[in-house]
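# Chain and residue survey
Residues per chain, in single letters:
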Amino acid sequence: MSYRTNCTFADRRPIIEVCLVAVLICACEGPEQVPVGSGGVPDNGNVCNLPNRDSADSPGRLALIVGVGKYANNDIRALPGATADAKRMYQLLTGENGYGFEKDDVCLLLDEQATKSNVQRAFYEALVDRAREDDVAVFYFAGHGSQARDINGDEPDEWDETLLSYDARHGDVVDLLDDEINGMFADLYARTTRIVSILDSCNSGTAMRAAASGIPRFHERLEIPALPETGYGVTAD
């Protein structure tokens, strides 16, 4: 799925048009080493730990790549291919003969690094806070998608679409809800309208991968009593 950039806004909430995006990333022999951190947040308090942008670096190309192949909740099926896909996307954007993204402008979160809080913080650190007019901003997520009961009445089918971070459904952490994602993209859209979002998850995973791997990228629906106040994106009215 992709959030297109020709959104309209009412009270700063984007009306998202959803379309399917087919992405084919080929594996190759001897891939370049992809930088993978130890998880958590570096000592300086930043998730992505990217250098400051030079004022002359505009328009630029920015990206946040998230791959969740395993989960803190053992009841959620592992997806080894999701982590590999995220690494390949990083290579596609930054590698030789790729799309020309500078490595200093791409944040990569894998597995334990990709907690809900880290994904939300990284979205602002890598994209919103660094974006300037006419920059290209890319968000890529590979992992489980699901649904959660809609509690603010904005879904005709009464279900929110969700993404599962590493710590989703573990302790008191719920999925990353589409209401929250909408708010995050609204903040990014205020900085640049050149946005690409690729979600390699949910029903597209079931259709494209289940026959080959036997592991669909969809997890059971979630019943939640309330939309948590996260400080990111849109919360319940």
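Cut-offs applied
Residues numbered from 1 in each chain as written. Predicted model: local features only at pLDDT ≥ 70, side-chain atom pairs only at ≥ 80, totals over all residues. Heavy atoms only, no water. Salt bridge = Lys/Arg side-chain N within 4 Å of Asp/Glu carboxyl O. Helix = DSSP H or I, 4+ residues; strand = E, 2+ residues; numbered from the N terminus. Buried < 20%, exposed > 50% of the residue type's maximum accessible area, 1.4 Å probe, protein only. Pairing = 2+ DSSP bridges. Axes fitted to C-alpha atoms, helices over the stretch in contact; angles between N-to-C directions. Contact = heavy atoms within 4.5 Å. Parallel < 35°, antiparallel > 145°, perpendicular 65-115°, else oblique. Left-handed = near helix turned anticlockwise from the far one by under 90°. Nonpolar A, V, L, I, M, F, W, Y, C, P; charged D, E, K, R; others polar. Disulfide = S-S within 2.5 Å. Expected span 1.5 Å × (residues − 1). pLDDT = per-residue confidence, 0-100.

Right, let's talk about the pattern of salt bridges for a bit. A side chain of one charge can pair with a side chain of the opposite charge if their charged atoms are brought near each other. Counted under the stated rule, the structure contains six salt bridges. Arginine 130 serves as the salt-bridge partner of aspartate 105, at 2.4 Å between the closest nitrogen and oxygen. Linking aspartate 105 in the loop between α1 (80-94) and β6 (106-110) with arginine 130 in the loop between α2 (116-128) and β7 (136-142), this pair joins segments that are 25 residues apart in sequence. With respect to burial, aspartate 105 and arginine 130 carry one shared label: buried. Across the pair glutamate 180 and lysine 116 runs a salt bridge whose closest N-O atoms are separated by 3.2 Å.

To continue, consider the sheet that holds strand β5 (residues 61-67). The strand order β6-β5-β7-β11 describes an open sheet built from four strands, whose pairing is parallel. Of all strands in the sheet, those with a lone pairing partner are β6 and β11 (194-200), marking the two edges. Each neighbouring strand pair of the sheet contributes to a mean axis angle of 5°, computed without reference to strand direction. Across five bridges, β5 lies against β6 in parallel orientation. Note on β6: the bridge partner recorded for isoleucine 65 is leucine 108. Packed onto the sheet, α2 meets β5, β6 and β7 and runs at close to 165° relative to β5. Seen against the sheet, helix α3 (residues 178-189) touches β7 and β11 and runs at an angle of roughly 155° to β11.

The next subject is the packing of α2 against α3. Running from N to C, α2 and α3 point in directions that differ by 15°, and their axes come no closer than 10 Å. What the angle tells us is that α2 and α3 run roughly parallel. Once α2 is placed against α3, the crossing between them reads as right-handed. In contact with Lys116, Gln120, Phe123, Tyr124, Leu127 and Val128 of α2, α3 contributes Glu180, Gly183, Met184, Phe185, Asp187 and Leu188. By residue class, the composition of the contact of α2 with α3 is seven nonpolar, two polar and three charged.

A few words now on the state of the cysteines. In this structure the tally under the stated criterion is one disulfide. The partner cysteine of cysteine 48 in its disulfide is cysteine 107, sulfur to sulfur 2.2 Å. Its torsion about the S-S bond being -85°, the disulfide of cysteine 48 and cysteine 107 is classed as left-handed. Of the two residues, cysteine 48 is situated in the loop between β4 (18-19) and β5 and cysteine 107 in strand β6; the sequence distance between them amounts to 59 residues. On the basis of relative accessibility, which here comes to 2%, the residue cysteine 107 falls in the buried class.

In spatial order, the strands read β8-β9-β10; together these three strands make up an open sheet with antiparallel pairing. The open sheet terminates on both sides in strands that have one partner only, identified here as β8 (145-149) and β10 (176-177). Pairing analysis gives two bridges linking strand β9 (residues 159-163) to β10, with the strands arranged antiparallel. Within β10, the residue paired with leucine 163 across the bridge is leucine 176.

With 12 residues, α3 should reach 16 Å at 1.5 Å per residue; the first-to-last C-alpha distance of 16 Å fits that figure. Among all positions in α3, only Asp178, Asp179, Glu180, Ile181, Asn182, Gly183, Met184, Phe185, Ala186, Leu188 and Tyr189 are buried.

Take the confidence of the model for the protein next. With 64% of its residues at a pLDDT of 70 or more, the protein shows a mean pLDDT of 73. A low-confidence stretch, residues 225-237 stays under pLDDT 50, and its non-local contacts, those more than four residues away or across chains, total 29 contacts.

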